[in-house]
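Overview (structure and organization)
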Amino acid sequence: RVEHPAGGYKKLFETVEELSSPVTAHVTGRIPTWLRGSLLRCGPGLFEVGAEPFYHLFDGQALLHKFDFKEGHVTYHRRFVRTDAYVRAMTEKRIVITEFGTYAYPDPCKNIFSRFFSYFKGVEVTDNALVNVYPVGEDYYACTETNFITRINPDTLETIKQVDLCKYVSVNGATAHPHIENDGTVYNIGNCFGKNFALAYNIIRIPPLQADKEDPINKSEVVVQFPCSDRFKPSYVHSFGLTSNYIVFVETPVKINLLKFLSSWSLWGANYMDCFESNETMGVWLHVAEKKKGRLLNIKYRTSAFNLFHHINTYEDNGFLIVDLCTWKGFEFVYNYLYLANLRANWDEVKRQAEKAPQPEARRYVLPLNIDKADTGKNLVTLPYTTATATLRSDETIWLEPEVIFSGPRHAFEFPQINYKKYCGKPYTYTYGLGLNHFVPDRLCKLNVKTKETWVWQEPDSYPSEPIFVSHPDALEEDDGVVLSIVISPGVGPKPAYLLILNAKDMSEVARAEVEVNIPVTFHGLFKRA
């Protein structure tokens, strides 16, 4: 187990300036000649406005990063996304829009009457697009988890426009983890108000770009609606599973209290985090729908409580759905441990906090699709290669027990990535993840989900980001390619950060491209081929 007494990880949560133009990175090793394009990533880059701090990991203002690869040379560029939240904060020199864990106080310049009236307007929802970037047709959008997404220019990193998904389709928000099919079709999920005021979850589909070149977002539609376990309290949803024929939605016990969410926050200084609560008795419910027909399967899958942020992959095999997940055990919300004060603490305190938090585990669940009542009391899983079980109970629910595919005490395999283009929704062997050591990202890990063999890249006082797999153009095997990650190494020589390129076969270093500026934490992103 690696320790971090020097606390270099604190640099991940430090404000930086954007760049006016790209800077050249210093390459050691050889960049593969076939690697041409840009790594685009999102994360927070401004952690306070003047004297007002942001409090939570998901509050800092969105900074868009780009590493460009061309003929073995690398450049680095970054710009703040010009969201409403950012532009208004810059203009008024204070936090104007309430963020995930930071309440924006009312304008001190306003009098009591204008404050009283603005309180009826309700909450101004944030558009701080700090989580991910994804393509829709020929366009690229930075996003968070609200109804606002922000179109950006992937070459210059300039902000083009804000888009409100509510104007196109019936959702109150959408996740930062859409699925993108090879033809460009986009699927996503979001909370919505269903029939007779009950809550529900809508799967939305955005078609690929057509010959008419019209913006595909104009053609967004709801394809299926999942019911909610509690009509007043939707679960927090961060991602979902997709195969060629099925959509898998995992409903966890982390709930949004709508009464709190819709009541006036300004009355009691609330933020998004204040609206979460845990249902301590429901466990986890899994739902499956047929993708093409948009039809819900009437099968009630149940298992014990966990938090879920990231699906690894999902695939079909002989009448079963294999659902691979990065879970955190228990019903307490993991985000409670992601306040910046926790993450910036000294190493002993960071460890002490993480001891109390839900424990991470990568798991495989197997969902039988064909149910025969005669099998009540039996394990329905007949696949030879998994120890996961699914037991049909007398109340017609199916109780699932997982196969553990990765587990280490307070060592998470998180931010999972796969060879997405070729293996999403299909049987696969490898996943690449960011290793969190008591929530501190300190290694990159490759996992064979069949044999549970792991390969690790790790260096002292070095803090990587989500690994992104880029397939070799002439790849013959699933892991022919490289893995890209942004690493900060404060106090390890003169260069504070670099882009790391690993051979995906054995996680050995191929090259690195060092820059002379610090790079704060990034969450998700993509590689855009040239």
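Residues numbered from 1 in each chain as written. Predicted model: local features only at pLDDT ≥ 70, side-chain atom pairs only at ≥ 80, totals over all residues. Heavy atoms only, no water.

Looking up the protein chain in an unreviewed UniProt entry gives the name Retinoid isomerohydrolase, with the organism given as Eurystomus gularis. On record in UniProt, under Subcellular location (unreviewed entry), the comment for the protein chain is "Cell membrane". (UniProt positions renumbered as here; feature names shortened; annotations may be inferred.)

Let's talk about the sheet that holds strand E37 (residues 524-529)
Taken in spatial order, the five strands line up as E1-E7-E6-E3-E37 in an open sheet, and their pairing is antiparallel. Edge strands, defined here as strands with exactly one partner in the open sheet, are strand E1 (23-24) and E37. (Pairing = 2+ DSSP bridges. Helix = DSSP H or I, 4+ residues; strand = E, 2+ residues; numbered from the N terminus.)

Concerning the state of the cysteines
Per the stated rule, a full pass over the model turns up zero disulfides. In this model Cys42 remains outside any disulfide bridge; the closest cysteine sulfur is found in Cys143, 7.0 Å from its own. Of the residues examined, Cys42 reaches a relative accessible area of 0% and is grouped as buried. (Disulfide = S-S within 2.5 Å. Buried < 20%, exposed > 50% of the residue type's maximum accessible area, 1.4 Å probe, protein only.)

Brief notes about the environment of Tyr141
Looking at the element boundaries, Tyr141 is found in strand E9 (residues 139-143). The class of Tyr141 is buried, set by a relative accessible area of 0%. Excluding residues that lie within four positions of it along the chain, Tyr141 makes contacts with Asn132, Val133, Tyr134, Val136, Ile149, Thr150, Arg151, Val163, Asp215 and Ile217. (Contact = heavy atoms within 4.5 Å.)

Points about the nonpolar core
Core analysis: the biggest nonpolar cluster contains 101 residues, and Phe67, Phe69 and Leu484 have the highest contact counts within it. Ignoring sequence-local partners within four residues, the contact set of Phe67 consists of Gly37, Ser38, Leu39, Val74, Thr75, Tyr76, Ile486, Leu499, Ala513, Val515 and Ile519. Leu286, Tyr365, Val381 and Ala390 belong to the second-largest nonpolar core, a separate cluster that totals 41 residues. (Core = buried A, V, L, I, M, F, W, Y, C linked by side-chain atoms within 4.5 Å.)

Side note on the sheet that holds strand E29 (residues 411-417)
With respect to topology, four strands assemble into an open sheet ordered E29-E30-E31-E32, the strand pairing being antiparallel. The open sheet is flanked by E29 and strand E32 (454-457), the only strands paired with a single partner. Along the sheet, successive strands turn relative to each other by an average axial angle of 35°, direction set aside. Of the strand pairs in this sheet, strand E30 (residues 430-437) and strand E31 (residues 440-448) are connected by eight bridges, and their pairing is antiparallel. Each residue of the ladder has a partner; that of Leu434, found in E31, is Leu444. (Axes fitted to C-alpha atoms, helices over the stretch in contact; angles between N-to-C directions.)

Observations concerning the packing of aromatic side chains
Any two aromatic rings considered together are summarised by their centre-to-centre distance and by the angle between their planes. Tallied over the full model, the rule gives 32 aromatic pairs. An angle of 50° between the planes, with centres 4.6 Å apart, marks the rings of Phe276 and Phe333 as tilted. Separated by 57 residues along the polypeptide, Phe276 in strand E19 (residues 276-278) and Phe333 in the loop between strand E24 (320-329) and helix H5 (340-343) bring together distant segments of the chain. Taking the ring centre of Tyr430 as reference, the NZ or CZ of Lys446 above it sits at 4.1 Å. Sitting above the plane of the Tyr498 ring, Arg512 keeps its charged end 4.2 Å from the centroid. (Phe/Tyr/Trp six-rings, centres within 6.5 Å; stacked < 30°, edge-to-face > 60°. Lys NZ or Arg CZ within 6 Å of the ring centre and 35° of its normal.)

What to know about the pairing of strand E34 (residues 481-488)
Of all the eight residues making up E34, eight are buried; the element is thus mostly covered by neighbouring parts of the structure. Where strand E33 (residues 468-471) meets E34, four bridges bridge the pair, whose relative direction is antiparallel. From the neighbouring strand, Phe469 faces E34, where its bridge partner is Val483. Relative to strand E35 (residues 497-503), E34 runs antiparallel, the two sharing seven bridges. Within E35, the position partnered with Val487 by the bridge is Tyr498.

Structural notes on the UniProt feature "binding site: Fe cation" (unreviewed entry) in the protein chain
The positions that UniProt labels "binding site: Fe cation" (unreviewed entry) are, in the present scheme, His177, His238, His310 and His524. A maximum C-alpha distance of 12.7 Å is found for the annotated residues, which run over 348 residues; spatially they form one tight group. Position of His238 among the secondary structure elements: in the loop between strand E15 (221-227) and strand E16 (241-242). With sequence-adjacent residues up to four places away left out, His238 is seen in contact with Glu145, Thr175, His177, Leu308, Phe309, His310, Tyr335 and His524. Reaching out from His238, the side chain makes a polar contact with the side chain of His177 at a distance of 3.1 Å. Here His310 is to be found in strand E23 (residues 306-317). Residue classification places His310 among the buried residues on the basis of a relative accessible area of 7%. Contact partners of His310, with chain neighbours within four places excluded, come to His177, His238, Ser239, Leu325, Cys326, Glu414, Phe415, Pro416 and His524. (Polar contact = N/O pair within 3.5 Å; in protein donor to acceptor, adjacent residues only side chain to side chain.)

Things to note about the pattern of salt bridges
For the structure shown, the criterion picks out 35 salt bridges. Residue Glu3 pairs with Lys351 through a salt bridge whose shortest N-O separation is 2.7 Å. Here the residue Glu3 occupies a position in the segment before E1, and Lys351 occupies one in helix H6 (residues 347-356), the gap between them amounting to 348 residues. Since its relative accessible area comes to 35%, Glu3 is described here as partly exposed. Looking at Lys351, the relative accessible area reads 19%, which means it is buried. One salt bridge in this structure joins Arg151 and Asp139, with 3.1 Å as the shortest N-O distance. (Salt bridge = Lys/Arg side-chain N within 4 Å of Asp/Glu carboxyl O.)

Here's the deal with helix H1 (residues 84-92)
Within H1 the residues assigned to the buried category are Ala85, Tyr86 and Ala89. Summarising the axial view, the buried residues of H1 lie within an arc of 95°, below the 170-degree limit, and thus occupy one face. (Arc of directions from axis to C-beta.)

Thoughts on empty space enclosed by the protein
As enumerated under the stated definition, the model contains five cavities of 30 Å³ or more in all. As a volume, the largest cavity reaches approximately 60 Å³. What lines the largest cavity is simply Tyr134, Val136, Ile149, Leu165, Ala174, Pro178, Val186, Asn188, Ile204, Ile206 and Ile217. Put simply, the parts of the chain that give the lining of the largest cavity at least two residues each are strand E8 (132-136), strand E13 (186-193) and strand E14 (199-206). (1 Å grid on protein atoms, 1.4 Å probe; cavity = no way out; pocket = protein on both sides within 12 Å on 5 of 7 lines; lining within 4 Å. Points joined across faces, edges and corners; volume = space filled by probe spheres on them.)

Quick look at the side chain of Asp479
Within the secondary structure layout, Asp479 lies in the loop between E33 and E34. A distance of 2.7 Å separates the side chain of Asp479 from the side chain of Lys446, its partner in a polar contact. In contact with Asp479, not counting residues within four places along its chain, are Tyr430, Tyr432, Lys446, Phe469, Ala504 and Lys505.

Comments concerning H6
An α-helical turn contains 3.6 residues, so a residue and the one three or four places further along point in the same direction. When we look at burial in H6, the residues that qualify are Trp347, Val350, Lys351, Gln353 and Ala354. Each buried residue of H6 sits inside an arc of 165° when the element is viewed along its axis, so together they form one side. Next to the buried residues of H6 lie H5, E30 and E31.

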